[in-house]
Amino acid sequence: MDATESVPERAGQTHLWFTADSPAGTVFVAHSNGWVSGLQITPGGREPDPGRFVDYMLDEVGADVEPDPDPDPKLVARVTEALATGRTDVPVDLSSRSPFHQEVLRATARIPRGEVRTYGELAAVVGRPRAARAVGTAMARNPVPLLVPCHRVVPSSGGVGNYGNSPETKAKLLAKEGVAL
């Protein structure tokens, strides 16, 4: 399974969450039936806030989320390994996004570790070369950052651009992947 496969129907299901370590710090990971549906990075220096994550999932993904009392060790291991290595083969649920955003996020998942693409380059990859700003919106609304590595998308003008957590976090993630900016 990967980000390009279709997601099974899950209308009305409550999603569960667990925490994991990542190169960006502690993350909350929501899942349902083995598919990761949301991921939120804890802002630098802050304590992980489950309430903030619950609000995020409801507002951004449209899903109720509860703590997972017994997370599947295989899913936890797969997510943890992907976060540590930059792999993008964890099954992610992008169904909360528009078809265009899903297409952009699937293309983003194909950017190899240690490489970057500009918003314009990614727009061209999905057949919409004039939609660089719309690609930026898709990056900003990525429900599973790190697993769909939106930090690998940068402005053509240089620098790292914006990042939901912070531009400093984005620069740190890219540096850990060996990207020279």
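Residues numbered from 1 in each chain as written. Predicted model: local features only at pLDDT ≥ 70, side-chain atom pairs only at ≥ 80, totals over all residues. Heavy atoms only, no water.

Ranked by size, the top nonpolar core spans 36 residues in total, and within it V36, L39, M139, L146 and L147 carry the most contacts. Listing elements by their share of this core, those giving two or more residues are β1 (15-22), β2 (25-32), β3 (35-41), α2 (73-85), α3 (99-109), α4 (119-125) and α5 (132-140). Residues in contact with L146, not counting those within four places in the same chain, are S22, A24, V27, L39, I41, L83, H151, Y163 and L173. Residues W17, A30, F53 and M57 belong to the second largest nonpolar core, which totals nine residues. (Core = buried A, V, L, I, M, F, W, Y, C linked by side-chain atoms within 4.5 Å. Buried < 20%, exposed > 50% of the residue type's maximum accessible area, 1.4 Å probe, protein only. Helix = DSSP H or I, 4+ residues; strand = E, 2+ residues; numbered from the N terminus. Contact = heavy atoms within 4.5 Å.)

This next bit is on α5. For α5, the complete set of buried residues consists of V135, A138 and M139. Along α5, the residues classed as buried sweep out an arc of 100 degrees about the axis, all on the same side. Residues of α5 that are exposed and point more than 90 degrees away from the buried face comprise R133 and A140. Next to the buried residues of α5 lie α3, α4 and β6 (153-154). (Arc of directions from axis to C-beta.)

With that out of the way, let us pick up the packing of α3 against α5. Each pair of packed helices gets described by two things: the angle between the helix axes and the distance between those axes. Direction vectors running N to C along α3 and α5 enclose 80 degrees, while the axes themselves pass 9 Å from each other. If you check the angle between α3 and α5, you find them roughly perpendicular. Contacts between α3 and α5 pair F100, H101, V104, L105 and T108 from the former with A134, V135, T137, A138 and M139 from the latter. (Axes fitted to C-alpha atoms, helices over the stretch in contact; angles between N-to-C directions. Parallel < 35°, antiparallel > 145°, perpendicular 65-115°, else oblique.)

If you walk through the whole model with that rule in mind, you get six salt bridges. Close ionic contact of E81 with R87 constitutes a salt bridge, the shortest N to O distance being 2.4 Å. On the accessibility criterion, R87 (29% relative accessible area) is partly exposed. Between R117 and E115 there is a salt bridge, and its shortest N-O distance comes to 3.0 Å. Residue R117 is classed as partly exposed on the basis of its relative accessible area of 26%. (Salt bridge = Lys/Arg side-chain N within 4 Å of Asp/Glu carboxyl O.)

Considering all chains together, one arrives at four aromatic pairs under this definition. With a centroid separation of 5.1 Å and 15 degrees between ring planes, the pair formed by F28 and F53 is classed as stacked. Taken together, the positions of F28 in strand β2 and F53 in helix α1 (residues 50-61) put the pair 25 residues apart, joining distant regions of the chain. Here the two residues F28 and F53 agree in accessibility, since each one is buried. Summarising the aromatic geometry, the rings of F53 and Y56 are spaced 6.2 Å apart at their centres and angled 20 degrees between planes, so their arrangement reads as stacked. Of this pair, F53 and Y56 both sit in helix α1, three residues apart, which is roughly one turn of that helix. Residue classification places F53 among the buried positions, given a relative accessible area of 0%. Within the aromatic cluster, the residues linked to one another by ring pairs are W17, F28, F53 and Y56. (Phe/Tyr/Trp six-rings, centres within 6.5 Å; stacked < 30°, edge-to-face > 60°.)

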